[in-house]
Amino acid sequence: MPKDKPKIGIFELTGCAGDALLILDCEKELKDIFHAADIQSFVMAKSDNIDGKMDVALVEGSVSTEKEKKELLDIRKRAEVVVAIGTCACFGGIQAAFLEGSEWEKNYKEVYGKTKMTHTKPLQSKPINAHIKVDFYLPGCPIGKEQFLSTFNRIIRGNPPELYRFPVCVECKWNENDCLLNKDIPCLGPVTAAGCGAICINHNLPCVGCWGPIPGANFTSEYYLLKEKGFDDDFIRKRMGNFSGTGIADFLGKIKGEKR
Amino acid sequence: MKRIKIDHLARVEGNGGVVVTIDGKAVIDVKFVINEGPRLVERLTLGKTPEEDVSIVPRICAICSISHKYAALRAMENALSVKVPPKVALFRELMHMGEMIESHSLHLT
């Protein structure tokens, strides 16, 4: 293998492994991916994995145990660039939807009772940027093929990824859907990162925000729009908080005064 | 006494390891280690509306999202004694089979 090939590691923390599988699902391009880069570590794809220095680390999943935290800190030390891939790594995912620490502890006790994890300590699920500096974020649940390939293509050449800079609404309009918000259906399209092709709205279901918030999302406007449509504060909070994890915690905290 | 320790099992969904203890020619102990962190999905739908429920459960797994949605729908229908028309049931089954084929063939890559 030539020396100048960029060294890449693909890692999975707590999640469903969907992002790693999506990479494997790039069947046509898979040979090119392995040809263009020196994939040093990719547990989902191969068994001979090397734990060394690397140029880029792609990390999927949320940090949910002490062991994962240690692993992640180690990855950061070994990698020049760290890219969070997928909603769980970017925002924490559904397991991070509990915003208060005490709520997580209560939930943990109710699920596991007194059973203890024997080889590591469980932690409240957090996105990877709660523990390390993250260079780039590739959103998605799972990540989209098109955006992944373009990101991969750019980062192995040392360029920053060029992600879609628009919300789901743009893709929704490309598909010529009727706006669900105009029909008083609580859709989160305006604040959610694009890339899914507006798949839910294409099937007449509102966007629930599973790709996480788009940078610069106007939560305030979405909040008051939904309020105007007759939805109450509790409903809107839960809606917006379900997928965005910590991506929206600040905003939800700020509108605390608005509670009925 | 020999020990074989695999920290990360490759090519499986989720994180797991195996520790095998061998004495001479006999395997005397096999331990499966689950490294997966808790996601508390068991509590995921509590306090949610049925409509929220069907939109959240598919995100338990991005690749087999249909199975989760299908299970949630059936659970709620059972709870409310709702019977779906045969055509709907067939469509769902078709969708589920499609997912199974896709998911299994993915691991052949």
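Small disclaimer: the values here were computed from a predicted structure and weren't measured.

As for the packing of aromatic side chains
Point 1. Under the counting rule described, the total for this entry stands at seven aromatic pairs over all chains.
Point 2. Considering the side-chain rings of tyrosine 164 of chain A and phenylalanine 166 of chain A, the 5.4 Å spacing of their centres and the 15 degrees angle between planes classify their relative orientation as stacked.
Point 3. Among the aromatic residues, ring-to-ring pairing joins Trp104, Tyr108 and Tyr112 of chain A into one connected group.
Point 4. If you follow arginine 74 of chain B out to its NZ or CZ, it ends over the ring of tyrosine 70 of chain B, 4.7 Å from the centre.

Here's the deal with the pattern of salt bridges
All names here are of chain A.
Point 1. Evaluation of the coordinates by the stated rule reveals 14 salt bridges over all chains.
Point 2. With a shortest N-O distance of 3.0 Å, aspartate 74 and arginine 78 are connected by a salt bridge. Separated by four residues within a single helix, aspartate 74 and arginine 78 lie in helix α3 (residues 66-78), roughly one turn from each other.
Point 3. On the basis of relative accessibility, which here comes to 36%, the residue aspartate 74 falls in the partly exposed class.
Point 4. Residue class for arginine 78 comes out buried when judged on its relative accessible area of 13%.
Point 5. The partner of arginine 76 in a salt bridge is aspartate 135, with the nearest N and O atoms 3.1 Å apart. On the criterion of sequence distance, the pair formed by arginine 76 in helix α3 and aspartate 135 in the loop between β6 (122-126) and β7 (136-138) is long-range, its members being 59 residues apart.
Point 6. The exposure class of arginine 76 is buried, given its relative accessible area of 18%.
Point 7. Given the relative accessible area of 23%, aspartate 135 is considered partly exposed.

A few points about the interface of chain A and chain B
Point 1. Counting residues at the interface gives 47 residues for chain A and 36 residues for chain B.
Point 2. Both faces considered, chain A and chain B share a buried interface measuring about 3,400 Å² in area, 61% of it formed by carbon and sulfur atoms.
Point 3. Counting the surface chain A buries against chain B, the share from its top three residues, Cys16, Leu21 and Ile94 of chain A, is 16%.
Point 4. Remark: the boundary between chain A and chain B carries three salt bridges.
Point 5. For arginine 43 of chain B, the salt bridge goes to glutamate 110 of chain A, with nearest N and O atoms at 2.3 Å.
Point 6. Between the two partners, chain A and chain B, sit 11 residue pairs in polar contact (both at pLDDT 80 or more).
Point 7. When contributions to the side of chain A that touches chain B are tallied by element, the ones reaching two or more residues are α1 (18-24), α2 (27-36), β4 (63-65), α3, α5 (101-112), β6 and α10 (233-244) of chain A.
Point 8. The dominant element in the side of chain A that touches chain B, judged by the number of residues it contributes, is α5 of chain A, at seven residues.
Point 9. Looking at the side of chain A that touches chain B residue by residue, the class counts come to 25 nonpolar, 11 polar and 11 charged.

Re the packing of helix α2 (residues 65-79) of chain B against helix α3 (residues 86-106) of chain B
The relative placement of two packed helices is expressed as an angle between their axes plus a distance between the axes.
All names here are of chain B.
Point 1. Taken N-terminus to C-terminus, the directions of α2 and α3 make an angle of 150 degrees; their axes are 9 Å apart at the nearest point. What the angle tells us is that α2 and α3 run roughly antiparallel. By crossing handedness, the relation of α2 to α3 is classed as left-handed. Each of Ser65, Ile66, Ser67, Tyr70, Leu73 and Glu77 in α2 lies in contact with α3, whose residues at this interface are Arg92, Glu93, Met95, His96 and Glu99.
Point 2. Looking at the contact of α2 with α3 residue by residue, the classes come out as four nonpolar, three polar and four charged.

Reading the values: the criteria
- Residues numbered from 1 in each chain as written.
- Chains lettered and ligands numbered in written order.
- Predicted model: local features only at pLDDT ≥ 70, side-chain atom pairs only at ≥ 80, totals over all residues.
- Heavy atoms only, no water.
- Phe/Tyr/Trp six-rings, centres within 6.5 Å; stacked < 30°, edge-to-face > 60°.
- Lys NZ or Arg CZ within 6 Å of the ring centre and 35° of its normal.
- Salt bridge = Lys/Arg side-chain N within 4 Å of Asp/Glu carboxyl O.
- Helix = DSSP H or I, 4+ residues; strand = E, 2+ residues; numbered from the N terminus.
- Buried < 20%, exposed > 50% of the residue type's maximum accessible area, 1.4 Å probe, protein only.
- Contact = heavy atoms within 4.5 Å.
- Buried area = accessible area lost by both parts, 1.4 Å probe.
- Polar contact = N/O pair within 3.5 Å; in protein donor to acceptor, adjacent residues only side chain to side chain.
- Nonpolar A, V, L, I, M, F, W, Y, C, P; charged D, E, K, R; others polar.
- Axes fitted to C-alpha atoms, helices over the stretch in contact; angles between N-to-C directions.
- Parallel < 35°, antiparallel > 145°, perpendicular 65-115°, else oblique.
- Left-handed = near helix turned anticlockwise from the far one by under 90°.

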